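Chain residues, written in single-letter form:
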Amino acid sequence: MPLQQLESLSITETACRSCGNEALAPILDLGRTPLADRLVPEHKACEPELTFPLMVAFCPECTLVQILETVSPEVLYAQDYPYFSSFSPALLAHSTANVLDRIGERALNTCSFVIELASNDGYLLRNYLDHGISVLGIDPAEGPVADAEKIGVRTLCAFFTEQLAHDVARDFGKADVVHGNNVLAHVSDTNGFVKGIRQLLKPSGVAVLEVPHLLPLMEHVEFDTIYHEHHCYFSMTALDKLFRRHGLFINRIEQWSLHGGSLRIFAEHTENVEISVTELLTYERAVGLDRIDYYHQFAARVDELRDKLVGLIRQLKAEGHSIAAYGAAAKGATLINYCGIDHEMIDFVVDRNENKHGLLMPGAKIPILAPKALLEARPDYVLVLAWNFIDEIIDQQHDFLAAGGKFILPVPDPRVL
Ligand code: DWN
């Protein structure tokens, strides 16, 4: 399908994705950008790429922060969608602990049934199988689904919709637990997704969802986590309104540092709100996350970070240093493209996901290689695009650091580690 036709497969929303309010207030314009996870094959390096506007807005009515462009999921999650959850040992450990906690606190057993939305490569549900608990994954990406099936995680390769929820409840039964990690922000039909969750849950069931939290994004200027896959950027305030609208109550939350700062929310059919929720709602109101004036300076802070990072890179290049990058992450695409960082400044990006090797970063067209390239090429500096995994990356790259290599962290304040 020609580019122009594919680009026509996007819609610029005029109403809030949650409450339908049409008086949305723009807060940040990242311009027209390529799709962050649409890596470029080398033989297409000279071809024009798909690009779409990336404008962020605030809803004064329900406080949801959201992007205005909705790119067709068929384009976003094309058959070569490269994200596989199992590349992070920290994420795997986090998921295993999540499952063990659910099994314990909900007294799950071989009669229980657990569903995960956006189950990817079975990274989480595999833990339930080890306890003889029946599971069902739902994910639209063929590659990760094929990996899930290989380890025995039964998975529907489909987009989760309200209709699919109805069909799954009819054909497989309702669930004791519905997991959904880093998916709520990804769906274009936010309300339909939450309604679908309600349909899937047994009356005593719980939905346990993880979403990046807007507050650390704003406080640590994590603007690179903004890309077309992420339609929404959730505060507790906006989540609470969204779930209550559909008869679900977020009764408990946990705050995690994962992905730059995430919320794990526990939503149930009956209201029984704990202090973890009320305290966060109070704090968000106190800092002003529910009012437009809180966002007025964000665009300026993003540009300040960009100018400082580009200035640092230019200075290092002027001093004759070589620079590579670590993590062909979606957030890395937003960062390098908004900052105008290209292959003149960054020689290559390394990534442990072999599905990304030999491809180019979207926009900047920087080649993606295996991590061993750091010891072969020995760049003086490495810009850490997957900064949310910095601890794991430092643990892995002892040799690079011992040889005198240095990491550059881009957020919240660009600096050499
Ligand atoms: O919402 C999403 C977040 C949760 O994950 C998805 N839309 C896509 C993805 O976003 P991302 O690509 O920015 O996420 P990551 O997981 O921060 O990307 C990390 C990249 O770094 C991956 O390509 C894997 C790679 N990696 C690595 O090379 N060595 C990761 C680890 C932990 C490592 O040790």
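None of the values given here were measured: they were computed from a predicted structure.

Draft legend 1. Structural detail: the site of the ligand. Around the ligand, a shell composed of 25 residues is seen, among which Glu 229, Asp 351, Arg 352, Lys 356 and Gln 396 lie nearest. Here an oxygen atom of the ligand sits 3.0 Å away from a polar atom, N or O, in the side chain of Tyr 227. Between the ligand and Arg 352, the relevant distance is 2.7 Å, taken from an oxygen atom to a main-chain nitrogen or oxygen of the residue. Coverage of the ligand by the protein chains reaches 97% of its 690 Å² of free accessible surface. At the level of secondary structure, the elements contributing two or more residues to the shell around the ligand comprise α12 (330–339) and α14 (390–396). Its residues assigned to classes, the shell around the ligand shows 10 nonpolar, 8 polar and 7 charged.

Draft legend 2. Representation of the domain arrangement of the protein in the model. Each domain of the protein was delimited in the assignment, giving domain 1 (85–295) and domain 2 (298–416). The C-alpha-based centres of domain 1 and domain 2 are spaced at 30 Å. Across the contact, 18 residues belong to domain 1 and 20 residues belong to domain 2. Across the domain 1 to domain 2 interface the summed buried area is about 1800 Å²; carbon plus sulfur atoms make up 68%. Broken down residue by residue, the surface that domain 1 buries against domain 2 is led by Phe 87, Phe 223 and Asp 224, which jointly contribute 39%. On the surface where domain 1 and domain 2 come into contact, there are 8 residue pairs in polar contact (both at pLDDT 80 or more). Put simply, the parts of the chain that give the side of domain 1 that touches domain 2 at least two residues each are α3 (89–105) and α8 (214–219). Ranked by residue count, the leading element in the side of domain 1 that touches domain 2 is α8, at 3 residues. Of the residues contributing to the side of domain 1 that touches domain 2, the split by class is 10 nonpolar, 5 polar and 3 charged.

Draft legend 3. Highlighting the packing of aromatic side chains. Considering all chains together, one arrives at 5 aromatic pairs under this definition. Centre to centre, the rings of Phe 160 and Phe 193 are 5.1 Å apart; their planes meet at 85°, and the pair counts as edge-to-face. Of the two residues, Phe 160 is situated in the loop between β9 (155–156) and α6 (162–171) and Phe 193 in helix α7 (residues 190–200); the sequence distance between them amounts to 33 residues. Overall, Phe 160 belongs to the buried group, its relative accessible area being 11%. By relative accessible area, which is 2% here, Phe 193 ends up buried. Ring geometry for Phe 223 and Tyr 338: centres 5.6 Å apart, planes at 65°, overall edge-to-face. Taken together, the residues Phe 223 in the loop between α8 and β12 (232–233) and Tyr 338 in helix α12 connect sequence positions 115 residues apart. Connected via pairs of aromatic rings, a cluster forms that spans Phe 58, Tyr 294 and Tyr 295. One Lys or Arg, Arg 252, reaches over the ring of Phe 266 and ends 3.9 Å from the middle of that ring. When the ring centre of Trp 387 is taken as origin, the NZ or CZ atom of Lys 331, which lies over that ring, is 5.7 Å away.

Draft legend 4. Highlighting α6. Listing the buried residues of α6 in full gives Leu 164, Ala 165, Asp 167, Val 168 and Ala 169. At its buried positions, α6 is contacted by β7 (113–117), β8 (134–138), β9 and α7. Once α6 ends, the next one or two residues include Gly 173, with phi positive near 100°.

Draft legend 5. Summary view of the nonpolar core. Residues Leu 28, Phe 223, Ile 226, Ile 341, Met 361 and Leu 383 are the most contacted members of the largest nonpolar core, which totals 67 residues. Looking at this core element by element, the count peaks at 8 residues for helix α11 (residues 298–318). Shared between two domains, this core holds at least three residues of each, these being domain 1 (85–295) and domain 2 (298–416). Each residue touching Leu 28, except ones within four places of it in the same chain, is listed here: Leu 54, Met 55, Val 56, Phe 223, Ile 226, Phe 298, Ala 299 and Val 302. Leu 68, Ala 118, Ala 185 and Ala 207 belong to the second largest nonpolar core, which has 47 residues in total.

Thresholds, definitions, all that
Residues numbered from 1 in each chain as written. Predicted model: local features only at pLDDT ≥ 70, side-chain atom pairs only at ≥ 80, totals over all residues. Heavy atoms only, no water. Near = heavy atom within 4 Å. Polar contact = N/O pair within 3.5 Å; in protein donor to acceptor, adjacent residues only side chain to side chain. Areas by Shrake-Rupley, 256 points an atom, 1.4 Å probe, with all protein chains shown as cover. Helix = DSSP H or I, 4+ residues; strand = E, 2+ residues; numbered from the N terminus. Nonpolar A, V, L, I, M, F, W, Y, C, P; charged D, E, K, R; others polar. Domains from an automatic or database assignment. Contact = heavy atoms within 4.5 Å. Buried area = accessible area lost by both parts, 1.4 Å probe. Phe/Tyr/Trp six-rings, centres within 6.5 Å; stacked < 30°, edge-to-face > 60°. Buried < 20%, exposed > 50% of the residue type's maximum accessible area, 1.4 Å probe, protein only. Lys NZ or Arg CZ within 6 Å of the ring centre and 35° of its normal. Core = buried A, V, L, I, M, F, W, Y, C linked by side-chain atoms within 4.5 Å.

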